[in-house]
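# Structural features, examined
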Amino acid sequence: MTSPRKITNIYDADFNTYDLDGPIQEDIHLLNLGYDREKGQGWYVLRMEPGSQTIQHEHKFWEEFLILEGELIENDGTTLKTGDFVTYPPGTQHNSRTETGCLLIGIDHDIV
């Protein structure tokens, strides 16, 4: 019997150029793990190159992410480091930048 299981190794997978906030951002890379672009929900991995910055955006749903590697600096000056788990409720706005580079796994969802 064949298993319907899908296994993705985020360290070996091919990432695409990031474009979820509008324009393509060449210095940010996206690995779609189940993100539905039409619904704006699901799992993803972001790899941000040193010096990259996301575009200011507002959350329609809950956004949660875990920093796997590196550091991420939020627009209020908070520095997130490896192991930090962040939750943004719907309606919040922010953008993030990194000086060192960052790898994070995130999910956008509507379940509390």
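Right, let's walk through the structure included here. (Residues numbered from 1 in each chain as written. Predicted model: local features only at pLDDT ≥ 70, side-chain atom pairs only at ≥ 80, totals over all residues. Heavy atoms only, no water.)

## Some remarks on the environment of Leu33
Secondary-structure assignment places Leu33 in the loop between β2 (25-32) and β3 (42-48). According to the relative accessible area criterion, Leu33 is partly exposed, its value standing at 29%. Here Leu33 is in contact with Thr8, Ile10, Trp43, Tyr44, Val45 and Ile105, once residues within four sequence places are set aside. (Helix = DSSP H or I, 4+ residues; strand = E, 2+ residues; numbered from the N terminus. Buried < 20%, exposed > 50% of the residue type's maximum accessible area, 1.4 Å probe, protein only. Contact = heavy atoms within 4.5 Å.)

## Considering the packing of aromatic side chains
Counting across every chain of the model gives two aromatic pairs. Sitting above the plane of the Phe15 ring, Arg47 keeps its charged end 4.0 Å from the centroid. (Phe/Tyr/Trp six-rings, centres within 6.5 Å; stacked < 30°, edge-to-face > 60°. Lys NZ or Arg CZ within 6 Å of the ring centre and 35° of its normal.)

## Notes on the pairing of strand β7 (residues 85-88)
Alternating positions in β7 separate cleanly, Val86 and Tyr88 being buried on one face and Phe85 and Thr87 remaining unburied on the opposite face. Both strand β5 (residues 62-74) and β7 contribute to a ladder of four bridges, which runs antiparallel. Directly across from Phe65, in β7, lies its bridge partner Val86. (Pairing = 2+ DSSP bridges.)

## What about the nonpolar core?
One finds Leu46, Phe65, Ile67, Leu72 and Leu104 to be the most contacted residues of the largest nonpolar core, which totals 15 residues. Contributions of two or more residues to this core are made by β2, β3, β5, β7 and β10 (102-109). Discounting residues that sit within four places of it in the chain, Leu46 has contacts with Phe15, Tyr18, Ile28, His29, Leu30, Cys102, Leu103 and Leu104. Residues Ile10, Phe15, Leu31 and Leu103 belong to the second largest nonpolar core, which totals five residues. (Core = buried A, V, L, I, M, F, W, Y, C linked by side-chain atoms within 4.5 Å.)

## Notes on the side chain of Ser52
As for its placement among the helices and strands, Ser52 is situated in the loop between β3 and β4 (57-58). The buried category is assigned to Ser52, whose relative accessible area is 0%. A polar contact is formed between the side chain of Ser52 and the backbone oxygen of Glu49, at a distance of 2.7 Å. With sequence-adjacent residues up to four places away left out, Ser52 is seen in contact with Asp27, Ile28, Ser96, Arg97 and Thr98. (Polar contact = N/O pair within 3.5 Å; in protein donor to acceptor, adjacent residues only side chain to side chain.)

## A short note on the side chain of Thr54
With respect to the helices and strands, the residue Thr54 is situated in the loop between β3 and β4. Overall, the relative accessible area of 9% leaves Thr54 in the buried class. Excluding residues within four positions of it along the chain, Thr54 makes contact with Asp21, Gln25, Ile28, Met48, Asn95 and Ser96.

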